[in-house]
Amino acid sequence: MACHFSSLDPAASAREADPSLNKAIAAELVNTTLAANDTCIEATGIARAASDNTVLQKAGGLLKADVSVVVRHGRMTVCKDYQRWRRTPLAPLAHYLMRREARLLRRLNDWPHSPSFEGFANRYAFFMEYVPGADLKTAVASGQKVSFSKVVDAVAGLHRHDIVHNDIRGSNILVAEDGRIVIIDFASALYAPKGRPLHPLMRRMRRLDIAGTLKFKHRLTGKALTPVERRLKAKPQWFKGLQQGWKKKVLPVLRST
Ligand SMILES: Nc1ncnc2c1ncn2[C@@H]1O[C@H](COP(=O)(O)OP(=O)(O)OP(=O)(O)O)[C@@H](O)[C@H]1O
Ligand SMILES: [Mg+2]
């Protein structure tokens, strides 16, 4: 079966902040009289001083970023910041991850299902549109009605842009207040149109996205997976091998640096 849409994996993330605070953050930040700041460090510092609720995520793992809501040019913006890695041997990798994600967001700028890119803060951080709402995991847990087909459409749309996400899960899909489904966290995503060396792998990678998406079918629709969907949802052997290699070979080396 051709793989033409992507996934959601409700694994626990390192997030510290309660996403349901998003509305409160919005209100509080908009009411502050913060001067516009062009650097993420300054803006984040000021916003944090103004409210403890502005941190959406404190980096909690290897090559993770701090994610904060900041006021920039008078508007609420999200800053994804890898600065904490800047004085470590992983600095080049952190810079690369940040640039990659920014590049993908720019590519998707006219697409309504990703946050728009709003500029670089410095070598390790960038700004993107702040999407008020809740992540899918939280929305589902709080009983909010979310249309599964809208989620599928968003993932399919991403694939139509020749992009695979590679980390589709509840915390990486936002249900905006206006009902829009917004996919975030493109740190592992890949753009591989026809002609690029990795293009032949796209079909397999799309399948991973699909598997992640299907994890939400039962919760959102109350319907069981069909046998074909069950097959698609199972992790393929090559992916299990890759995960094992990453966990047993690559991660220990990175950690030891
Ligand atoms: N544009 C945004 N608008 C609103 N909230 C956002 C936005 N971007 C990120 N967030 C919030 O910050 C959290 C962390 O962001 P993101 O997933 O990009 O970071 P990450 O380091 O890749 O996290 P993880 O590896 O745990 O998925 C998200 O789960 C979401 O709740
Ligand atoms: Mg994430």
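Just above, that's the structure.
Residues numbered from 1 in each chain as written. Chains lettered and ligands numbered in written order. Predicted model: local features only at pLDDT ≥ 70, side-chain atom pairs only at ≥ 80, totals over all residues. Heavy atoms only, no water.

1. Observations regarding the site of ligand 1
Stage number 1. The environment of ligand 1 is made up of 21 residues, and the closest members are Gln 57, Lys 64, Lys 80, Glu 129 and Asp 185.
Stage number 2. Separating an oxygen atom of ligand 1 from a backbone N or O atom of Ser 171 is a distance of 2.9 Å.
Stage number 3. One of the side-chain N or O atoms of Asp 185 is found 2.5 Å from an oxygen atom in ligand 1.
Stage number 4. About the coverage of ligand 1: the protein hides 97% of its 610 Å² of free accessible area.
Stage number 5. Of all the secondary structure elements, the ones that give two or more residues to the shell around ligand 1 are β1 (55-57), β3 (75-81) and β5 (125-129). (Near = heavy atom within 4 Å. Polar contact = N/O pair within 3.5 Å; in protein donor to acceptor, adjacent residues only side chain to side chain. Areas by Shrake-Rupley, 256 points an atom, 1.4 Å probe, with all protein chains shown as cover. Helix = DSSP H or I, 4+ residues; strand = E, 2+ residues; numbered from the N terminus.)

2. So, the pattern of salt bridges
Stage number 1. Summed over the entire model, instances satisfying the criterion amount to nine salt bridges.
Stage number 2. Where Arg 84 meets Asp 66, a salt bridge forms, and the shortest distance between an N and an O atom there is 3.1 Å. Residue Arg 84 is located in the loop between β3 and α3 (91-107), and its partner Asp 66 is located in strand β2 (residues 66-72); the two are separated by 18 residues in the primary sequence.
Stage number 3. Residue Arg 84 is classed as partly exposed on the basis of its relative accessible area, which comes to 40%.
Stage number 4. In this structure, Asp 178 and Arg 180 form a salt bridge, with 3.9 Å as the shortest nitrogen-oxygen distance.
Stage number 5. Under the relative-accessibility criterion, Asp 178 is labelled exposed at 59%.
Stage number 6. Through salt bridges with shared partners, a single ionic network connects Lys 58, Asp 66 and Arg 84. (Salt bridge = Lys/Arg side-chain N within 4 Å of Asp/Glu carboxyl O. Buried < 20%, exposed > 50% of the residue type's maximum accessible area, 1.4 Å probe, protein only.)

3. A look at the sheet that holds strand β6 (residues 133-135)
Pairing between sheet strands relies on hydrogen bonds along the backbone, with the strands arranged either parallel or antiparallel.
Stage number 1. Here three strands make up an open sheet; going across it, the order is β6-β8-β9 and the pairing antiparallel. Looking at strand neighbours, the two that pair on one side only are β6 and β9 (181-183), the edges of this open sheet. Averaged over all adjacent pairs, the angle separating strand axes in this sheet is 25°, with direction ignored.
Stage number 2. Packing of helix α5 (residues 148-160) onto the sheet brings it into contact with β8 (173-176) and β9, and relative to β9 it is tilted by some 40°. (Pairing = 2+ DSSP bridges. Axes fitted to C-alpha atoms, helices over the stretch in contact; angles between N-to-C directions. Contact = heavy atoms within 4.5 Å.)

4. Regarding the layout of surface pockets
Stage number 1. In this structure, the second largest pocket spans a volume of roughly 240 Å³.
Stage number 2. Considering the residues around the second largest pocket, the lining is formed by Tyr 96, Arg 100, Arg 103, Leu 104, Arg 107, Ala 189, Leu 190, Tyr 191, Ala 192, Arg 196, Pro 197 and Leu 198.
Stage number 3. Looking at the lining of the second largest pocket, the elements with two or more residues in it are α3 and β10 (190-191).
Stage number 4. If one sorts the elements of the lining of the second largest pocket by residue count, α3 sits on top with five residues.
Stage number 5. Across the lining of the second largest pocket, the residue classes tally to eight nonpolar, no polar and four charged. (1 Å grid on protein atoms, 1.4 Å probe; cavity = no way out; pocket = protein on both sides within 12 Å on 5 of 7 lines; lining within 4 Å. Points joined across faces, edges and corners; volume = space filled by probe spheres on them. Nonpolar A, V, L, I, M, F, W, Y, C, P; charged D, E, K, R; others polar.)

5. Here we look at the coordination of the magnesium ion (ligand 2)
Stage number 1. Within the protein, the magnesium ion (ligand 2) binds to Asn 172 (OD1) and Asp 185 (OD); these donor distances fall in the range 2.0 to 2.2 Å. Highlighted residues: Asn 172 in the loop between β7 (163-164) and β8 and Asp 185 in the loop between β9 and β10, separated in sequence by 13 residues.
Stage number 2. Overall, the relative accessible area of 4% leaves Asn 172 in the buried class. (Donors = N, O, S within 2.8 Å, 3.2 Å for Na, K, Ca; no water.)

6. Comments concerning the nonpolar core
Stage number 1. Counting residues in hydrophobic clusters, the biggest one holds 50 residues, and the most contacted among them are Tyr 82, Leu 136, Val 146, Ile 183, Phe 186 and Leu 220.
Stage number 2. With seven residues, α3 is the largest single contributor of residues to this core.
Stage number 3. Of the domains in this structure, domain 1 (10-129) and domain 2 (135-256) are the two that each give at least three residues to this core.
Stage number 4. Apart from the residues lying within four places of it in its own chain, the contact partners of Phe 186 are Arg 100, Glu 101, Leu 104, Leu 105, Leu 108, Ser 114, Leu 158 and His 165. (Core = buried A, V, L, I, M, F, W, Y, C linked by side-chain atoms within 4.5 Å. Domains from an automatic or database assignment.)

7. Observations concerning the packing of aromatic side chains
Stage number 1. Inspection of the entire model under this criterion finds two aromatic pairs.
Stage number 2. Relative to Phe 120, the ring of Phe 117 has its centre 5.1 Å away and its plane inclined at 65°; by these criteria the two rings are edge-to-face.
Stage number 3. The exposure class of Phe 120 is partly exposed, given its relative accessible area of 28%.
Stage number 4. Relative to Phe 126, the ring of Phe 117 lies with its centre 6.1 Å away and its plane at 35°, an arrangement referred to as tilted. Considered together, Phe 117 and Phe 126 belong to a single accessibility category, that of buried residues.
Stage number 5. In textbook terms, an aromatic cluster arises when at least three aromatic residues are bridged by ring pairs, as seen for Phe 117, Phe 120 and Phe 126.
Stage number 6. Seen from the ring of Tyr 191, Arg 107 lies directly overhead, with NZ or CZ sitting 3.6 Å from the centre.
Stage number 7. Residue placement shows Arg 219 over the ring face of Phe 216; its charged tip is 4.8 Å from the ring centre. (Phe/Tyr/Trp six-rings, centres within 6.5 Å; stacked < 30°, edge-to-face > 60°. Lys NZ or Arg CZ within 6 Å of the ring centre and 35° of its normal.)

8. Remarks on the sheet that holds β3
Stage number 1. As summarised here, the arrangement of the five strands in space is β1-β2-β3-β5-β4, forming an open sheet in which the pairing is antiparallel. The open sheet has two free edges, formed respectively by β1 and β4 (117-122), since each of these has just one partner strand. Across the sheet, the mean angle separating the axes of adjacent strands is 30° when strand polarity is ignored.
Stage number 2. One ladder, built from five bridges, connects β3 with β5; its direction is antiparallel. Looking at β5, one finds that Thr 77 is bridged to Glu 129.
Stage number 3. Strands in contact with α3 are β3, β4 and β5; relative to β4, the strand with the most contacts, it is inclined by about 160°.

Function-wise, these values are silent; they only describe arrangement.
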